[in-house]
Each structure stands twice: as structure tokens, then as C-alpha cells.
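For reference, the chains in residue letters:
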Amino acid sequence: GMKECGTVHIPFNVPHHVIIGTKGERVNHIQAETKCILDVSKDTVKIAGSKENIELARKLVNTIIAENVREEVKVPYKAKMHNFLIRRRPVKKTEAEEEQEKEKEEHADPNAKPDRRRDGLCLLEQLRLKYNCDRVQADLPGLTVTIRGPKDAIKKCRDELKA
């Protein structure tokens, strides 16, 4: 059929990179599946293709959008918890990881810069990584933690903070 154009609006609380995917794999997959050409910007996806293919591409994009809505909540905490939340601490390693570390140290370049990441991460950063949130941060001096990410990730993060 004739080439047509369609657009999908990306809401402000959905990061546009989720539509693109790692190294473009999501957008490439949609293009391959629908034979459309997608142009993703910060707040719109322009879709070129046949009418029925555009509809299919629109569906796929809207599904990704629905699954990636970001929310932000502020969770209060007690002042005496502050250092506990933001102090860097070693990340618990598995035995296999410990072995790998030893191996690396034996073959390490003595002039190499020390790997700062090994000093560990604060609890909030560990939570952010564990639940794949965009942000888990202590707000000073409000004594709240801002958590931003997908709804279910926020819930898990909150539950663990309250524990």
C-alpha cells in the first residue's frame, strides 16, 4: 500500500531510551516485525509504512510505553538511619567472584589505578541496582529517600527500605 506516517506520543514519565532498547535492539525488532521505519525522539515516535503496518508498530510501541511508566515516591526515614543508608559498604560476593578477584590480583598491573567500585556501594545504590530503578537517593535535609523507576520496582524498593 501507500506509504503513510503515524506518530505515538511518549509521555514525560517514560524515558525514550526504553523504546530504542540496548544498542537499538528494540526499535530494530519493531522495524523488522512491522516493515516500518521508526524515528524516536524524546517525546514522539514517528512511524512510516503502510497503514496496517503502522497500526501494528503503534501497538508494539504503546505496549513498551505502558510497561515502562516511571513513577517517583518519597519515603521518609528516621534521622538516625541516615549514615546506615548512605555509608558505602562492601557488596557481598559469591565464592566464585572471590576466586575471580584473587586471580585478577595475581595478574594485576601494579601501576593500575585502584578499582573504586570495590569499596562497595551504599545501601541505596545497592537497592537501585537490585530492582533496576532509575534513582534511589537520600534527600537532605528532608530525611526522605526519592525512588524513581517502574511501579513494581518502586514497591519492592520501598518494602525493603521499611524493613
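Each remark here, short or long, concerns the structure printed above.
These notes cover the structure that comes with them. This is a predicted model, so every value here is computed, not measured.

1. Examining the environment of Pro15
Working step 1: When you line up the elements, Pro15 lands in the loop between β1 (4-9) and α1 (17-20).
Working step 2: Taking the C-alpha atoms as reference points, Pro15 and Gly149, separated by 134 residues in sequence, lie 10.0 Å from one another.
Working step 3: Setting aside residues no more than four positions away along its own chain, Pro15 makes contact with Asn68 and Arg70.

2. Considerations on the state of the cysteines
Working step 1: In this structure the tally under the stated criterion is zero disulfides.
Working step 2: Its sulfur unpaired, Cys36 is 9.5 Å from the next cysteine sulfur, which belongs to Cys5.
Working step 3: Among the residues examined, Cys36 registers a relative accessible area of 3% and is labelled buried.
Working step 4: Looking at Cys133, it has no disulfide partner, and the nearest cysteine sulfur is the one in Cys157, 4.2 Å off.
Working step 5: Its relative accessible area of 3% is what places Cys133 among the buried residues.

3. Describing the packing of helix α2 (residues 25-34) against helix α3 (residues 51-67)
Working step 1: Between α2 and α3, the shortest axis-to-axis distance is 9 Å and the interhelical angle comes to 150°. If you check the angle between α2 and α3, you find them roughly antiparallel. Every pair of crossing elements has a handedness; the one defined by α2 and α3 is right-handed. Here Arg26, Ile30, Glu33 and Thr34 of α2 lie close against α3, whose contacting residues are Asn53, Leu56, Ala57, Leu60, Val61 and Ile64.
Working step 2: By residue class, the composition of the contact of α2 with α3 is six nonpolar, two polar and two charged.

4. Focus: the sheet that holds strand β2 (residues 37-40)
Working step 1: Spatially, the three strands line up as an open sheet ordered β1-β3-β2, and their pairing is antiparallel. Either end of the sheet is taken by a strand with one partner, and the two such strands are β1 and β2. In this sheet, adjacent strand axes meet at a mean angle of 20° when their direction is disregarded.
Working step 2: With six bridges joining them, β1 and strand β3 (residues 44-49) adopt antiparallel strand pairing. In the strand pairing of β3, Glu4 is matched with Gly49.
Working step 3: Strands in contact with α3 are β1, β2 and β3; relative to β1, the strand with the most contacts, it is inclined by about 15°.

5. Let's talk about the sheet that holds strand β8 (residues 144-150)
Working step 1: An order of β4-β8-β7 is seen for the three strands of this open sheet, with the pairing classed as antiparallel. Strands at the two margins of the open sheet, each flanked by one partner only, are β4 (70-76) and β7 (135-139). Taking the axes of each pair of neighbouring strands and ignoring which way they run, one obtains an average angle of 15° across the sheet.
Working step 2: Pairing of β4 with β8, which is carried by seven bridges, proceeds in the antiparallel orientation. When the sheet's bridge partners are listed, Glu72 is paired in β8 with Arg148.
Working step 3: The sheet strands contacting helix α6 (residues 123-131) are β7 and β8, and the helix crosses β7 at an angle near 160°.
Working step 4: The strands that helix α7 (residues 151-162) touches are β4, β7 and β8; relative to β8, the one it contacts most, it runs at about 150°.

6. Observations regarding the pattern of salt bridges
Working step 1: Per the counting criterion, the structure on display carries seven salt bridges.
Working step 2: Between Arg58 and Glu55 there is a salt bridge, with the nearest N and O atoms lying 3.2 Å from each other. Here Arg58 and its partner Glu55 are both found in helix α3, three residues apart, which amounts to about one turn of the helix.
Working step 3: In this structure Arg58 comes out as partly exposed when scored by relative accessible area, which is 25%.
Working step 4: We note a salt bridge from Glu125 to Arg128, for which the minimum N-O separation is 2.9 Å. A residue pair is termed a helical-turn pair when its members lie 3 or 4 positions apart in one helix, as Glu125 and Arg128 do in helix α6 at three residues.
Working step 5: Judged by its relative accessible area of 22%, Arg128 is partly exposed.

What counts and what doesn't
- Per chain, residues are indexed from 1 in the order of the written sequence.
- The predicted nature of this model means local features are confined to residues of pLDDT at least 70 and side-chain atom pairs, given and counted, to a pLDDT of 80 or more, with totals for whole chains, interfaces and linings taken over all residues.
- Only hydrogens and water are set aside; all other atoms, that is, all heavy atoms of the structure, feed into the side-chain values.
- Numbered from the N terminus, helices here are DSSP runs of H or I no shorter than four residues, and strands are runs of E no shorter than two.
- Any two residues whose heavy atoms approach within 4.5 Å at even a single point are treated as in contact.
- When two cysteine sulfur atoms are found within 2.5 Å, that pair is recorded as a disulfide.
- Residue exposure (1.4 Å probe, protein chains only): buried if accessible area is under 20% of the type maximum, exposed if over 50%, otherwise partly exposed.
- Whenever a helix is involved, its axis is fitted only over the stretch in contact; in every case the axis is a line through C-alpha atoms, and angles between N-to-C directions fall within 0 to 180 degrees.
- Should an angle fall under 35 degrees it is called roughly parallel, over 145 degrees roughly antiparallel, and 65 to 115 degrees roughly perpendicular, with every other angle called oblique.
- Handedness of a crossing follows from how the near helix is turned relative to the far one, being left-handed for an anticlockwise turn of less than a right angle and right-handed for a clockwise one.
- In this count, Pro and Cys sit with the nonpolar residues alongside Ala, Val, Leu, Ile, Met, Phe, Trp and Tyr, while Asp, Glu, Lys and Arg are called charged and the others, Gly among them, polar.
- Should DSSP find at least two bridges between two strands, the strands are regarded as paired.
- When a carboxyl oxygen of Asp or Glu lies within 4 Å of a side-chain nitrogen of Lys or Arg, that pair is called a salt bridge.

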